[in-house]
Amino acid sequence: MKTSGIKCEPSEEEPGLKKCKWEPANWKEHFELIKQMRSGFSAPVDSMGCDTLSSIDAVIEPRTRRYQCLIALMLSSQTKDEITARAVIELQKLPLDVDTILQTDEEKIASAIYPAGFYRRKAQYIKKTTQILKEKYDSDIPDNIDELCKLPGVGPKMAYLAMSCAWKKTVGIGVDTHVHRISNRLGWTKKETKTPEQTRKELEEWMPESLWYEVNHLLVGFGQEICRPVGPKCANCLCKDLCPTGKESSAKPKKTKRKAVKIEFENENYCK
């Protein structure tokens, strides 16, 4: 069951009138408590996220760094951060730039990024996307969502994160599986959403733009360590008393294991 509040603010377009919008109940408390928890532990995304992966070279051209950021995002789909980081490092040894990738066999790229999820398909996407970048963007990456999403193997989540980490322009929220799952668990959507893209649109309707960049990194690390997809650590979560899912978890009676009782009969004819 979703809980919510209606926030009304003065309208700039029509003085004297108030503009109302939906926002989830307790979201500010959720946000601050998650920030508090995140300050106490490191998650894989902190050291191996796409925005932290950089070239092994001491000096790297800005457009090459943007290219590496995009490739890291493409590799991250359905792949753990540890494996993504390892794949990027292997590609950087080639090194990882447009001209080198175009000269590298697809099979060699696939071998370098293994065992990333769907590594053979991703190797195809990397080659095709790199060719487009060379021909249409002077070996750089597009600087807008529409053109980024037209690249093979690039979806909305990757596009929004690429804008943030590659171009330093936050134009939307990057919603991955962690942000999607946690937003629904906390009741941050009006109704249950089925896809990350639905979640993104719902979040952007009420969340202040000043938090759009921070929320992805915050929730991804929280989802990796506490609010896991299977076996979430609700007992250790500071949000458990404000979270609908946490309340349900606390209300469920704990299962107790029954001890096996061995019964011995003095009279062996008893059971006959």
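Going by the structure above, here's the rest.
Residues numbered from 1 in each chain as written. Predicted model: local features only at pLDDT ≥ 70, side-chain atom pairs only at ≥ 80, totals over all residues. Heavy atoms only, no water.

Q: Hey, could you run me through the pattern of salt bridges in this one?
A: Where side chains of opposite charge bring their charged atoms close, a pairing between them can arise. Summed over the entire model, instances satisfying the criterion amount to 11 salt bridges. When the shortest N-O distance is used, the salt bridge between Arg-38 and Asp-46 registers 2.7 Å. On the accessibility criterion, Arg-38 (9% relative accessible area) is buried. Between Arg-63 and Glu-61 there is a salt bridge, with the nearest N and O atoms lying 3.2 Å from each other. Classification of Glu-61 by relative accessible area gives partly exposed; the value is 41%. Shared partners join several salt bridges into a network, and the residues in it are Glu-61, Arg-63 and Asp-138. (Salt bridge = Lys/Arg side-chain N within 4 Å of Asp/Glu carboxyl O. Buried < 20%, exposed > 50% of the residue type's maximum accessible area, 1.4 Å probe, protein only.)

Q: Would you mind showing me how to read empty space enclosed by the protein here?
A: Vacant regions in the atomic arrangement are exposed by a probe of water-molecule size rolled over the atoms. Scanning the entire structure with this criterion turns up one cavity of 30 Å³ or more. Together, 15 residues line the largest cavity, and Phe-222, Cys-227, Cys-234, Cys-237 and Cys-243 are the ones closest to its centre. A class-by-class count of the residues in the lining of the largest cavity yields 10 nonpolar, two polar and three charged. (1 Å grid on protein atoms, 1.4 Å probe; cavity = no way out; pocket = protein on both sides within 12 Å on 5 of 7 lines; lining within 4 Å. Points joined across faces, edges and corners; volume = space filled by probe spheres on them. Nonpolar A, V, L, I, M, F, W, Y, C, P; charged D, E, K, R; others polar.)

Q: Can you help me understand the layout of surface pockets in this one?
A: Estimates place the volume of the largest pocket at around 940 Å³. Among the secondary structure elements, those contributing two or more residues to the lining of the largest pocket are helix H2 (44-48), helix H3 (62-76), helix H4 (81-92), helix H9 (156-165), helix H10 (177-186), helix H11 (196-206) and helix H12 (212-225). A per-element tally of the lining of the largest pocket places H12 first, with eight residues. Grouping the amino acids of the lining of the largest pocket by side-chain chemistry returns 15 nonpolar, 15 polar and 10 charged. (Helix = DSSP H or I, 4+ residues; strand = E, 2+ residues; numbered from the N terminus.)

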